[in-house]
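# Observations on chain architecture
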Amino acid sequence: MIGLLCFVLAVLASPFKSKLRLEAENAVLREQLMVLRRRLHGRVRLTNQDRWFLVRLYRWFPSILSVLTIIRPETLVRWHRAGFRCYWRWKSRSPGGRPPIDTGLRVLIRRISVDNPLWGAPRIHGELLKLGFEVAQSSVAKYMVKRRGPPSQGWQTFLRNHAPDIAAMDLFVVPTIGFDLLWAFVVIRLDRRDLVWINVTANPTAEWLARQITEAFPWDEAPHYLIRDRDRIYGSVVTRRLRAMGIRDKPTAPASPWQNGCAERLIGSIRRECLDHFVVLGDAHLRRILRSYARYYNDIRTHRSLDKDAPVSRPVQRIGGIQSHAILGGLHHHYVRV
């Protein structure tokens, strides 16, 4: 009774169906008859062509699910999803050609490109060949860092290249136990941050400063530029001495101590690490303290700007027992292996 009712409803609804939809349903019915005729024993056996035919019709006319009898609708949907995965696996396959290069090599190419802004792909490719990497120049150009403007060095590289030719000097005041004022004069090179000269006087004059500069820099080791502030004590005697030594005088702008930052940082370190812990008795006492600290500063003390090395580079010791030597009465210590 129910089947007859469904047939009557289908007949009544058939004039409202599109012609292509009816033909699709008829094709599915004929395909099912052909499959049933091929069955010999047991369950129905479907070939890949049968599956492909039903899946294509389902993609175009999803309404054919209502006339499928030999398979369940979810089976047809599962076939369709499996075919979709196979299609995209085929579409995403490797097109062949040159194999991709290793991740570590790509990182190395970018590193060389960043470290050497003036190098192009041929230069980097030649360097990689000397390192034993067999890679095409086009691959090097592909993984290089892309720059918008022309290649140029940064400020850090510029300052590092000019630091060996620059020195700085400055004066600072130290009170004594009798509330007298002593003047300490320091000269520092910007390359390795080494303290090349330090001395003390109670009466600083331009002649005294000129003599200190001469003693700090032998004639064959004078820097090309010397940074100083605009203190009046640097008179014509100092400027003439600098000119005679082939040093270009570079005074900072008024009220701009940051332009002589290395010397200011050195004076701050001397105060924090040395003078703030002593009561100075006189100029001889201060001179002895400062020279002891200068040896510690140049030979032992590590600097962050030098990658935790001393101005006079310290070798790495890995063998032997560790001993400590007191400096400045135990204010600092030097640790060595023996």
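Please refer to the structure placed before this passage.
What counts as what
Residues numbered from 1 in each chain as written. Predicted model: local features only at pLDDT ≥ 70, side-chain atom pairs only at ≥ 80, totals over all residues. Heavy atoms only, no water. Phe/Tyr/Trp six-rings, centres within 6.5 Å; stacked < 30°, edge-to-face > 60°. Helix = DSSP H or I, 4+ residues; strand = E, 2+ residues; numbered from the N terminus. Buried < 20%, exposed > 50% of the residue type's maximum accessible area, 1.4 Å probe, protein only. 1 Å grid on protein atoms, 1.4 Å probe; cavity = no way out; pocket = protein on both sides within 12 Å on 5 of 7 lines; lining within 4 Å. Points joined across faces, edges and corners; volume = space filled by probe spheres on them. Nonpolar A, V, L, I, M, F, W, Y, C, P; charged D, E, K, R; others polar. Pairing = 2+ DSSP bridges. Axes fitted to C-alpha atoms, helices over the stretch in contact; angles between N-to-C directions. Contact = heavy atoms within 4.5 Å. Core = buried A, V, L, I, M, F, W, Y, C linked by side-chain atoms within 4.5 Å. Arc of directions from axis to C-beta. Parallel < 35°, antiparallel > 145°, perpendicular 65-115°, else oblique. Left-handed = near helix turned anticlockwise from the far one by under 90°.

## A look at the packing of aromatic side chains
- Going through the model one piece at a time under the given rule, you end up with 5 aromatic pairs.
- Between Phe185 and Trp208 the ring centres are 6.2 Å apart and the planes differ by 75 degrees, which places this aromatic pair in the edge-to-face class. Remark: Trp208 occurs in helix α9 (residues 206–216) and Phe185 occurs in strand β2 (residues 181–189); sequence separation between them is 23 residues. Taken individually, Phe185 and Trp208 each receive the classification buried, so the pair is uniform in this respect.
- Each ring, one from Tyr293 and one from Tyr297, has its centre 6.1 Å from the other, and the planes form 40 degrees; the classification is tilted. Taken as a pair, Tyr293 and Tyr297 lie in helix α12 (residues 283–299) at a separation of 4 residues, close to a single helical turn. A single burial state applies to Tyr293 and to Tyr297, both of which are buried.
- Ring pairing ties together the aromatic residues Tyr87, Trp88 and Trp90, which thus form one cluster.

## A look at the layout of surface pockets
- Space inside the largest pocket adds up to approximately 580 Å³.
- Lining the largest pocket are 18 residues, with Leu159, Arg160, Ala163, Leu190 and Arg193 positioned closest to its centre.
- Ranked by the residues each element gives to the lining of the largest pocket, the list is headed by helix α8 (residues 155–162), at 5 residues.
- Broken down by class, the residue content of the lining of the largest pocket amounts to 9 nonpolar, 3 polar and 6 charged.
- Approximately 430 Å³ is the volume found for the second largest pocket.
- Mapped onto the lining of the second largest pocket, the elements with two or more residues apiece are α3 (48–60) and α4 (73–91).
- For the lining of the second largest pocket, the element with the most residues is α4, which contributes 7 residues.
- Residue composition of the lining of the second largest pocket, grouped by class: 7 nonpolar, 3 polar and 3 charged.

## A closer look at the side chain of Thr201
- Its location among the elements puts Thr201 in strand β3 (residues 195–201).
- By relative accessible area, Thr201 is classed as buried at 11%.

## What to know about the sheet that holds β3
- What the 5 strands build is an open sheet, ordered β3-β2-β1-β4-β5; its pairing is mixed. Across the chains shown, the open sheet's two edge strands, defined by having one partner strand only, are β3 and β5 (248–251). Averaged over all pairs of adjacent strands, the angle between their axes in this sheet comes to 20 degrees, without regard to strand direction.
- Here β2 pairs with β3 via 6 bridges, running antiparallel. From the neighbouring strand, Phe185 faces β3, where its bridge partner is Asn199.
- Contacting β1 (166–175), β2 and β3, α9 runs over the sheet at an angle of about 150 degrees to β3.

## Looking at the nonpolar core
- Phe172, Val186, Ile270, Leu275, Leu286 and Leu290 are the most contacted members of the largest nonpolar core, which has 32 residues in total.
- Mapped onto this core, the elements with two or more residues apiece are β1, β2, β3, α11 (261–273) and α12.
- If we ignore the near neighbours within four places in the chain, the residues touching Val186 are Ala168, Met169, Asp170, Phe172, Leu195, Trp197, Ile198, Leu266, Ile267 and Ile270.
- Met169, Phe217, Ile233 and Ile247 belong to the second-largest nonpolar core, a separate cluster that totals 20 residues.

## A look at the environment of Arg288
- Here Arg288 is to be found in helix α12.
- Each C-alpha atom of the pair Arg288 and Val200 lies 9.7 Å from the other, and the pair is 88 residues apart in sequence.

## What to know about unusual backbone geometry
- Its identity is not glycine, yet Phe179 carries a phi of approximately 65 degrees, on the positive side.
- Turning to its location among the elements, Phe179 is positioned in the loop between β1 and β2.
- Classification of Phe179 as exposed rests on a relative accessible area of 74%.
- One non-glycine residue with positive phi stands out, namely Arg193, at about 60 degrees.
- Considering the arrangement of structural elements, one finds Arg193 in the loop between β2 and β3.

## Some points on helix α6 (residues 121–130)
- Listing the buried residues of α6 in full gives Ala121, Ile124, His125 and Leu128. Relative to the axis of α6, the buried residues are bounded by an arc of 100 degrees and lie together on one face. Turned more than 90 degrees away from the buried face of α6, the exposed residues are Pro122 and Lys130.
- Residues of α6 that are buried in the fold lie against α5 (103–115) and α7 (137–143).
- Residue Gly132 follows α6 closely and has a positive phi angle near 90 degrees.

## Some points on the packing of α9 against helix α10 (residues 236–244)
- Running from amino to carboxyl end, α9 crosses α10 at an angle of 20 degrees, the nearest separation of the two axes being 8 Å. Regarding the angle of α9 to α10, the classification is roughly parallel. For the pair α9 and α10, the sense of crossing is right-handed. Residues Ala206, Glu207, Leu209, Ala210, Arg211, Ile213 and Thr214 of α9 form the contact with α10, whose participating residues are Val237, Val238, Arg241 and Leu242.
- When grouped by side-chain class, the residues that make up the contact of α9 with α10 number 7 nonpolar, 1 polar and 3 charged.

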